[in-house]
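Commentary on secondary and tertiary structure
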Amino acid sequence: WPQWLRQAWKSRSPTWEKRDGNAVGAEMKTFMPKSELYAFLQDVAFSAQEVQVEHTSKVDEDYDNWCKQKDEEGLTVGIWTSRGKSLMELRGIWQECFIKIL
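Since we're looking at a predicted model, the values are computed, not measured.

**Overview of the overall build of the chain**
Counting its secondary structure elements, the chain contains three helices and five strands. Listing the helices and strands of the chain from first to last along the sequence gives α-α-β-β-β-β-β-α. Going through the 102 residues of the chain one by one, you find that 27% of them count as buried. Restricting the contact set of the chain to residue pairs at least 6 apart, pairs at least 24 apart contribute 38%.

Now the structure itself:
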């Protein structure tokens with residue numbers, strides 16, 4: 001797994017402990033609680049979170065909480081979604097799929 005994905009897993013799954021309550025010798029993070037799944041998937045799908053992003057425009061009326069970010073030449077270089085007061089950038093492969101659909 002890439003380092004960023006390992007870190008996302010590590011931050012969302014608790015360290016495994018023996019039944020007597022003592023942590024095992026090596027750090028093991030084998031299971032993820034259901035309560036952390038949504039946050040983990042967000043960590044996987046989105047790479048950055050910002051309050052404001054330059055050069056964005058709405059994708060269209062149906063996707064009014066999604067924005068395309070363009071470079072100086074007008075090429076789409078990022079896909080962002082609005083979540084409350086912040087914008088989250090769609091990560092690599094998901095972005096490529098979304099752009100192909102558009």
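**Describing the sheet that holds strand β5 (residues 86-90)**
The antiparallel open sheet is built from five strands, whose spatial order is β1-β5-β4-β3-β2. Each having just a single partner strand, β1 (46-50) and β2 (56-58) make up the two edges of the open sheet. Taken pair by pair, the neighbouring strands of this sheet meet at an average axis angle of 35 degrees, ignoring direction. Taken together, the four bridges between strand β4 (residues 76-83) and β5 define a ladder with antiparallel strand orientation. Across the sheet, residue W80 finds its bridge partner in β5, namely E89. With respect to the sheet, helix α2 (residues 34-45) is in contact with β1, β4 and β5, its orientation differing from that of β1 by roughly 90 degrees.

**A few points about the environment of K34**
The topology assignment puts K34 in helix α2. You can call K34 exposed: its relative accessible area is 77%. Placed 21 residues apart in sequence, K34 and S13 show a C-alpha to C-alpha distance of 9.9 Å.

**Some thoughts on the packing of aromatic side chains**
Applying the stated rule across the entire model yields two aromatic pairs. Geometrically, the ring pair formed by W9 and F40 is edge-to-face, given 5.5 Å between the ring centres and 90 degrees between the ring planes. In this pair, W9 sits in helix α1 (residues 3-12) while F40 sits in helix α2, placing the two residues 31 residues apart along the sequence. Assessed through its relative accessible area of 22%, W9 is described here as partly exposed. Note that R91 overlies the ring of W4, its terminal NZ or CZ placed 3.6 Å from the centroid.

**A short note on a negative patch on the surface**
A grouping of D60, E61, D62 and D64 is seen on the molecular surface, where their side chains present a negatively charged patch. The exposure class of E61 is exposed, given its relative accessible area of 68%.

**Comments concerning the confidence of the model for the chain**
Low pLDDT means the predicted coordinates in that region are not meant to be read closely. For the chain, per-residue confidence averages 79 on the pLDDT scale, and 76% of positions sit at 70 or higher. The element-level mean pLDDT for the chain is lowest in helix α3 (residues 92-101), coming to 65, with strand β3 (residues 66-70) highest at 90.

**Here we look at the side chain of S86**
Tracing the sequence through the fold places S86 in strand β5. We classify S86 as buried; its relative accessible area is 13%. Those residues in contact with S86 that lie beyond four places of it in its chain are Q49, E50 and T81.

Conventions adopted
Residues numbered from 1 in each chain as written. Predicted model: local features only at pLDDT ≥ 70, side-chain atom pairs only at ≥ 80, totals over all residues. Heavy atoms only, no water. Helix = DSSP H or I, 4+ residues; strand = E, 2+ residues; numbered from the N terminus. Buried < 20%, exposed > 50% of the residue type's maximum accessible area, 1.4 Å probe, protein only. Contact = heavy atoms within 4.5 Å. Pairing = 2+ DSSP bridges. Axes fitted to C-alpha atoms, helices over the stretch in contact; angles between N-to-C directions. Phe/Tyr/Trp six-rings, centres within 6.5 Å; stacked < 30°, edge-to-face > 60°. Lys NZ or Arg CZ within 6 Å of the ring centre and 35° of its normal. Patch = residues over 30% accessible without salt bridge, like charges linked within 9 Å, V, L, I, M, F, W, Y side chains within 5 Å. Areas by Shrake-Rupley, 256 points an atom, 1.4 Å probe, with all protein chains shown as cover. Salt bridge = Lys/Arg side-chain N within 4 Å of Asp/Glu carboxyl O. Lys, Arg positive; Asp, Glu negative; His and termini not counted. Charge placed at Lys NZ, Arg CZ, Asp CG, Glu CD. pLDDT = per-residue confidence, 0-100.

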